Amino acid sequence: MALAKRRFDTLILGAGGAGLRAALQLSNADARVAVVSKVFPTRSHTVAAQGGVNAALANVVPDNWHWHMFDTVKGSDYLGDQDAIEFMCREAPKIVYELEHFGVPFSRLDTGHIYQRAFGGQSQNFGGAQAARTCAAADRTGHAILHSLYQQNIRSKTHFFDEFFALDLITDDEGAVLGALVLEIETGEPLLIEAKTTLIASGGCGQLFRTTTNAHINTGDGMAMVLRAGVPLEDMEFFQFHPTGIAGKGMLITEGARGEGGYLINKDGERFMERYAPNAKDLASRDVVSRAISTEVREGRGCGPDGDHVMLRLDHLGSDIVAKRLPGIRDTCKTFLHIDPVDTPIPVFPTAHYVMGGIPTDRHGRVVMPARHGPEEVVSGLYAAGECACVSVHGGNRLGGNSLLDILVFGRAAGEDIIGFLKENPNHRPINESSVDKAMARLKRWDQKGEGESVKEVRDDLKKVMENHCGVFRVEDVMAEGVNELVKIRERMANVRLSDTSRVFNTARIEALELENLVDIGMATMKSALVRQESRGAHSRMDFTERDDKNWLKHTLYFLEDDRIDFKPVRTKPLSVDSFPPKARVY
Amino acid sequence: MKISVYRYNPDVDAKPYQQEFDIEFKQGMMLRDALMEVKRQDESFTFRHSCGEGVCGSDGVNVNGQNCLACVTSVADLKEPIVVRPFPGRPVIRDLVVDMSQFYKQYREVQPYLVRKDPMPEVEILQSPEDRDKLDGLYECILCGCCSTSCPSFWWNPDKFLGPAALLQSWRFLADSRDQMTDERLDALEGPYKLFRCHTIMNCTEACPKGLNPTKAIGHIKQLMLKKAI
């Protein structure tokens, strides 16, 4: 049967906040947009974001975008690109007001303005008093934003391909990206979507780890797709462990819980963050708090019979605050722990949460890579935004509340840039048939029958390797061993077989394709972590405990071919203000 | 522990059947964990799931005759034998996966988005905390479909009655002080079916995993319509 084909101006892979924000920008500009998502759009993982989105609205205490910029640069441990960070922080208020106009049901202050709460790493006046910059809809902000964006896309008649899985990018002879081969999950039929521009907005890869706040779908599909297309991934060693996942289970307890006044204690009842961050205490940035918790547990001050977690206290806040501001995490505690945080502390431990690294882009969402003319040459027709991308606004460590902001600012910016690209490039270009054949081969491979290993065995081992060899604290020989383990896993992949090769809604096949993606991203993470011989942000080396700006103030680039590592400079020059030079990072 | 799941793969099965699996019960096990355990034993077993914490709305199923979200349903609370079936009244695609397109169509039909006729201010549209409170119990809907697919009126007239989920969303915008399309929204719900096929059976409210109350929302819409008529 001939391969079915569709043609659009723009193909967007992923229907989370970044994809939907871009789609809305494009649909409202009368571009023909196809949004491909492996789940129904409101099931995308943006829905699980809790605490809120940062913008210097100054609704509660004085604030301005420049302070937000300083906090973000400091939070990134000076690895963030300051041009992109300035752009994001300046755009933030406009982005939030737009969201409100789209219908997002933000919580409100008595004045009728949007409610803003304190979050980690936020300050007034360049490192002064705690700021309150995180705009919140109770503790369901991601849900409120994702649903509103989907609703506005309904209004704008965006074209959705729900439950289609993207297999690989399609290119022309010069390497320009011209769409993707996708798989309709329900029928098992492939579909070629040709597009003048392709935006990857496929989210993160938290399924690399066993205990994670991330959903089953967060398998880094778009990131692995660009690796296979020869594009590198940037700064993959920087993986954020959220300080407060429910111990042993992984469900997220928002940083907003501490923003509302909650605090952490060890087995002695000590408020230990006072020792690690005398000023910010429990609202130090996430890498700092996660290391503090891990250290407490390693040094024998953990709670519980196995001493393997700490406690988050909210019982002093009163039931009104918890019911009004934190209803979602209260439900989560009741459902999964059978406790009510109004009167019982929550057992928590650092949990895999967010990848700071990803597909290298500029601040217009254009994918850039080293080629003939320098380290940041645009890959024609290819864009990326959201968690899968690395602009880089988060550098070595992302601040809470900056992730929703990132997806919205750069989803919108990518949409805007694509509109310009479409004006200059109004025609479809001929595709290279061999790139279609290659993508098709990826699908066909899983029709192989016979004896072999199962997907679940390899997946379980991959997660174990990542957790044991590339966790909160890292060391040379353990990671080197981790690379060896990953090489073995890669070899085992060739012998994995599906027992179910039927067509209709074959989730076993989807999980196999996802595992292929995860294996490549796992290698990118481990290799990048091994090479960076310093401690910066979330990348914490026990054998290189200090930050080393002389040798390592640079971005890592991992290429799939030969597992090659390269570097590129950090953009330390902002757009209009003075640069924030690296300083010792104290909270 | 025994769990019986509905099986049907149109590629290979002439007709559907229930299949029993033996799985090890673990402390704190959720129904989603149990279904994942079934899939570990037989990878051809198919169901939708993702977030595992009741926010994405993917894993709605029918267990022991009751619609629920598998990831927030504790196995310890279920009577054995645990019998898991797809949502009632929807075409089955495979095993527990049903075709929800009619459900989504009805959602789109209520124009579930904020409409302003006034020019937008350069900052946020102000809203008092009291007005914002009116959206609590409405905006939290995760579109899982537990309510609509447990509603007899929806079973009989899925093409004409909008169903509890869509109507809850209709009320979510009618109740929003910022929305300026009240008359049009109410006019679009006129007639004997779209809204008025609700017979307050309240299966929806019982089934909602988020504790929302579509019956009450439908009642509010009816009241508002009445007020408008007078």
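How each quantity is defined
- Residues numbered from 1 in each chain as written.
- Chains lettered and ligands numbered in written order.
- Predicted model: local features only at pLDDT ≥ 70, side-chain atom pairs only at ≥ 80, totals over all residues.
- Heavy atoms only, no water.
- Helix = DSSP H or I, 4+ residues; strand = E, 2+ residues; numbered from the N terminus.
- Contact = heavy atoms within 4.5 Å.
- Lys, Arg positive; Asp, Glu negative; His and termini not counted.
- Charge placed at Lys NZ, Arg CZ, Asp CG, Glu CD.
- Buried area = accessible area lost by both parts, 1.4 Å probe.
- Salt bridge = Lys/Arg side-chain N within 4 Å of Asp/Glu carboxyl O.
- Polar contact = N/O pair within 3.5 Å; in protein donor to acceptor, adjacent residues only side chain to side chain.
- Expected span 1.5 Å × (residues − 1).
- Buried < 20%, exposed > 50% of the residue type's maximum accessible area, 1.4 Å probe, protein only.

S.K.: Hey, could you go over the overall build of chain B for me, with residue numbers and the actual values?
M.R.: Along the backbone of chain B there are 8 helices and 7 strands. Taking all contacts inside chain B whose residues are at least 6 apart in sequence as the whole, residues at least 24 apart take part in 64%. Within chain B, the 32 negative side-chain charges are centred at a point lying 5 Å from the centre of the 29 positive side-chain charges.

S.K.: With reference to specific residues and values, describe the environment of Leu35(B).
M.R.: Residues and elements named next belong to chain B. Relative to the assigned elements, Leu35 resides in helix H1 (residues 31–41). Leu35 sits 104 residues away from Tyr139 along the chain, and the two C-alpha atoms are 29 Å apart. Aside from chain neighbours lying at most four places away, what touches Leu35 is Ile3, Val5, Phe45, Phe47, Ala70, Val84 and Leu96.

S.K.: Any chance you could break down the interface of chain A and chain B for me, citing the residues and the numbers?
M.R.: Taken together, the contact pairs 58 residues of chain A with 58 residues of chain B. Around 4,900 Å² of area is buried between chain A and chain B when both sides are counted, 51% of it from carbon and sulfur atoms. In terms of surface lost to chain B, no three residues of chain A exceed Arg43(A), His101(A) and Gln151(A), which account for 14% of the buried area on that side. Joining chain A to chain B, the criterion identifies 7 salt bridges. Salt-bridge contacts for Asp133(B) lead to Lys324(A); the nearest nitrogen and oxygen are separated by 2.7 Å. Between chain A and chain B we count 36 residue pairs in polar contact (both at pLDDT 80 or more) in total. Contributing elements (two or more residues each) for the side of chain A that touches chain B: helix H3 (82–102), helix H4 (141–155), helix H10 (327–337), helix H13 (455–469) and helix H15 (507–531) of chain A.

S.K.: Break down helix H5 (residues 163–174) of chain B for me, citing the residues and quoting the values.
M.R.: End to end, H5(B) covers 17 Å across 12 residues, agreeing with the expected 16 Å (1.5 Å per residue, within 8%). Summarising burial for H5(B): 12 of the 12 residues are buried, a large majority. Within the sequence span of H5(B), burial applies to Gly163(B), Pro164(B), Ala165(B), Ala166(B), Leu167(B), Leu168(B), Gln169(B), Ser170(B), Trp171(B), Arg172(B), Phe173(B) and Leu174(B). In this fold, the buried residues of H5(B) make contact with H4 of chain A together with helix H2 (101–109), helix H4 (152–156), helix H6 (182–188), helix H7 (203–207) and helix H8 (214–229) of chain B.

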